[in-house]
Amino acid sequence: MAAQSLAELGYSVWGVDWSETAISWAEDRFQQAGLTARFIVGDVCNIHQCRDAMFELIIDGSCLHCLIDDARELFLQR
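Here's a quick rundown of the structure. (Residues numbered from 1 in each chain as written. Predicted model: local features only at pLDDT ≥ 70, side-chain atom pairs only at ≥ 80, totals over all residues. Heavy atoms only, no water.)

## Considering the pairing of strand 2 (residues 38–41)
Stage number 1. Where strand 1 (residues 14–17) and strand 2 come together, four bridges link them in parallel fashion. Within strand 2, the position partnered with tryptophan 14 by the bridge is arginine 38.
Stage number 2. Regarding the hand of the β-α-β motif, the stretch spanning strand 1, helix 2 (residues 20–33) and strand 2 is right-handed. (Pairing = 2+ DSSP bridges. Helix = DSSP H or I, 4+ residues; strand = E, 2+ residues; numbered from the N terminus. Right-handed = clockwise from strand over helix to strand, strands pointing away.)

Printed below as a string of structure tokens:
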């Protein structure tokens, strides 16, 4: 998991998934590793919690290829 590797290197990590189960698994994994991150259950095309955030790196974990038409354009604008 790239997020865990980055957190282990001291980076501030955020994760987004529409699946509550996936977020719960990530939170558990980070807790077991003694790491912190901000995990959000949400739609990558409309993450209001990130509206004012600035990121140096964004890693797409297999979501962009699933978005089509207007959703892809909206995603890339964020």
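What follows picks up the thread again.
## With respect to the side chain of glutamine 4
Stage number 1. Counting through the fold element by element, glutamine 4 comes out in helix 1 (residues 2–8).
Stage number 2. With relative accessibility at 13%, the residue glutamine 4 sits in the buried group.
Stage number 3. For glutamine 4, the contacting residues outside a window of four places in its chain are Arg29, Phe30, Ala33 and Leu35. (Buried < 20%, exposed > 50% of the residue type's maximum accessible area, 1.4 Å probe, protein only. Contact = heavy atoms within 4.5 Å.)

## Things to note about the packing of aromatic side chains
Stage number 1. Applying the stated criterion to the full structure yields two aromatic pairs.
Stage number 2. Summarising the aromatic geometry, the rings of tryptophan 14 and phenylalanine 55 are spaced 5.2 Å apart at their centres and angled 90 degrees between planes, so their arrangement reads as edge-to-face. Here the residue tryptophan 14 occupies a position in strand 1, and phenylalanine 55 occupies one in the loop between strand 2 and helix 3 (70–77), the gap between them amounting to 41 residues.
Stage number 3. For the pair phenylalanine 30 and phenylalanine 39, a centre-to-centre distance of 5.0 Å together with 85 degrees between the ring planes defines the contact as edge-to-face. Grouping residues by exposure puts phenylalanine 30 and phenylalanine 39 together as buried.
Stage number 4. Its guanidinium or amino end placed over the ring of tryptophan 14, arginine 38 lies 4.5 Å from that ring's centre, counting from NZ or CZ. (Phe/Tyr/Trp six-rings, centres within 6.5 Å; stacked < 30°, edge-to-face > 60°. Lys NZ or Arg CZ within 6 Å of the ring centre and 35° of its normal.)

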